[in-house]
Amino acid sequence: MTRLTIGQYYPADSPLHRLDPRVKLLAAIAYITVLIFVTNFYGFGIAVLFLAVVIRASRVPARFIFRGLRAILFILSFAALINLLLTPGENVLFSYAFIQVTTEGIHRAALMALRLVLLITGSSLLTLTTSPIQLTDGIESLLKPLRLPAHDIAMMMTIALRMIPTLSEELGKIMKAQKARGVDLETGGPLKRIKNIIPILVPLFVSSFKRADELATAMEARCYRGGKGRTKLKPLGFTGRDALAGGIIVVFCVGLVLTRFI
């Protein structure tokens, strides 16, 4: 959990950092959507190359981005294992009771693992290259045409994303403190490990509510009353650079969809 990169912002002077946050939000939504429709390695190959170019342009160290994958390694392994063992097929390589390993299962497990890696990495780039203020302004601007309380929704989403790395850091501190008090978190069976999580979850929830209360008090002390009548120091503006980035995203998405027919 302490290695999570989603919700963190990496300051840098790159073309990706200078893009309009609305373009990056729409690009992230389109990227996540088209990955669901990719069913072969041709499409994933294009997605990997595209993501490599974007990471290079973002000037965020690749090791910093992929470090976040360690936190979801269990989810990746579990999803791949389920698809590997429970996918029926004609070419059976191993069979025992209701479990069987087929070539189709290996193919689906590899695609599922690769899809999850690309989804997490692409989503992390959105927050790594967009500051919380820009993210709030972008979400608010996109929600305004829907006649929703755009500012309130954008503020809640941004605070939730911002608190992910904070809570991860707090979790690491609590685990170290509990280990120093003699709590065994690494040995024993599944039931014992679940029981040992309780001394971690209770102080984590208490700390979360305390932080939420302190944040609310700080916002009230600064006379925060929502988005009505508020002005922006740096208003959002759509430039030619944003149009070019949007065109590249459209071409990429169309290319991925077409790989489905290969």
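Residues numbered from 1 in each chain as written. Predicted model: local features only at pLDDT ≥ 70, side-chain atom pairs only at ≥ 80, totals over all residues. Heavy atoms only, no water.

A short note on helix α6 (residues 132–143)
- Between the first and last C-alpha of α6 there are 16 Å, a value that for 12 residues agrees with the 16 Å anticipated at 1.5 Å per step.
- Among the residues of α6, Leu135, Thr136, Asp137, Gly138, Ile139, Glu140 and Leu143 are the ones counted as buried. (Helix = DSSP H or I, 4+ residues; strand = E, 2+ residues; numbered from the N terminus. Expected span 1.5 Å × (residues − 1). Buried < 20%, exposed > 50% of the residue type's maximum accessible area, 1.4 Å probe, protein only.)

Structural notes on the packing of helix α2 (residues 41–58) against helix α5 (residues 103–128)
- Across the interface, α2 lies against α5 with an axial gap of 11 Å and an inter-helix angle of 25°. Regarding the angle of α2 to α5, the classification is roughly parallel. Between α2 and α5 lies a crossing whose hand is left-handed. Residue-level inspection shows Phe41, Phe44, Ala47, Val48, Leu51, Val54, Ile55 and Ser58 of α2 in contact with α5, the latter providing His107, Ala110, Leu111, Leu114, Arg115, Leu118, Thr121, Gly122 and Leu125.
- Residue composition of the contact of α2 with α5, grouped by class: 12 nonpolar, four polar and one charged. (Axes fitted to C-alpha atoms, helices over the stretch in contact; angles between N-to-C directions. Parallel < 35°, antiparallel > 145°, perpendicular 65-115°, else oblique. Left-handed = near helix turned anticlockwise from the far one by under 90°. Contact = heavy atoms within 4.5 Å. Nonpolar A, V, L, I, M, F, W, Y, C, P; charged D, E, K, R; others polar.)

Overview of the packing of aromatic side chains
- As enumerated under the stated definition, the model contains three aromatic pairs in all.
- Aromatic side chains Tyr10 and Phe64 sit 5.6 Å apart centroid to centroid with 50° between the ring planes, which places their arrangement in the tilted category. On the criterion of sequence distance, the pair formed by Tyr10 in the segment before α1 (21–37) and Phe64 in helix α3 (residues 62–66) is long-range, its members being 54 residues apart.
- By relative accessible area, which is 27% here, Tyr10 ends up partly exposed.
- Judged by its relative accessible area of 16%, Phe64 falls in the buried class.
- Considering the side-chain rings of Tyr31 and Phe252, the 6.2 Å spacing of their centres and the 20° angle between planes classify their relative orientation as stacked. With Tyr31 in helix α1 and Phe252 in helix α9 (residues 240–259), this pair connects stretches of sequence that are 221 residues apart.
- Among the aromatic residues, those joined into a cluster by ring pairs are Tyr31, Phe50 and Phe252. (Phe/Tyr/Trp six-rings, centres within 6.5 Å; stacked < 30°, edge-to-face > 60°.)

Re the domain arrangement of the chain
- Along its sequence, the chain is carved into domain 1 (15–130 + 236–261) and domain 2 (148–221).
- Just the C-alpha atoms count here: the centres of domain 1 and domain 2 sit 28 Å apart. (Domains from an automatic or database assignment.)

Quick look at the environment of Lys234
- Inspection of the secondary structure assignment puts Lys234 in the loop between α8 (190–221) and α9.
- Taking C-alpha positions, Lys234 is 17 Å from Pro11, a pair spaced 223 residues apart along the chain.

Points about the side chain of Glu140
- Along the chain, Glu140 turns up in helix α6.
- Here Glu140 falls in the buried class, since its relative accessible area comes to 7%.
- Apart from the residues lying within four places of it in its own chain, the contact partners of Glu140 are Ala150, His151, Ala154 and Lys232.

Here we look at unusual backbone geometry
- For Arg59, which is not a glycine, the phi torsion comes out positive at approximately 60°.
- Relative to the elements of secondary structure, Arg59 occurs in the loop between α2 and α3.
- Judged by its relative accessible area of 52%, Arg59 is exposed.

Some remarks on the pattern of salt bridges
- Scanning all chains against the criterion turns up four salt bridges.
- Where Asp13 meets Arg18, a salt bridge forms, and the shortest distance between an N and an O atom there is 2.5 Å.
- Of the residues examined, Arg18 reaches a relative accessible area of 39% and is grouped as partly exposed.
- The partner of Arg211 in a salt bridge is Glu170, and the shortest N-O contact between them spans 3.2 Å. On the criterion of sequence distance, the pair formed by Arg211 in helix α8 and Glu170 in helix α7 (residues 150–180) is long-range, its members being 41 residues apart.
- In this structure Arg211 comes out as partly exposed when scored by relative accessible area, which is 31%. (Salt bridge = Lys/Arg side-chain N within 4 Å of Asp/Glu carboxyl O.)

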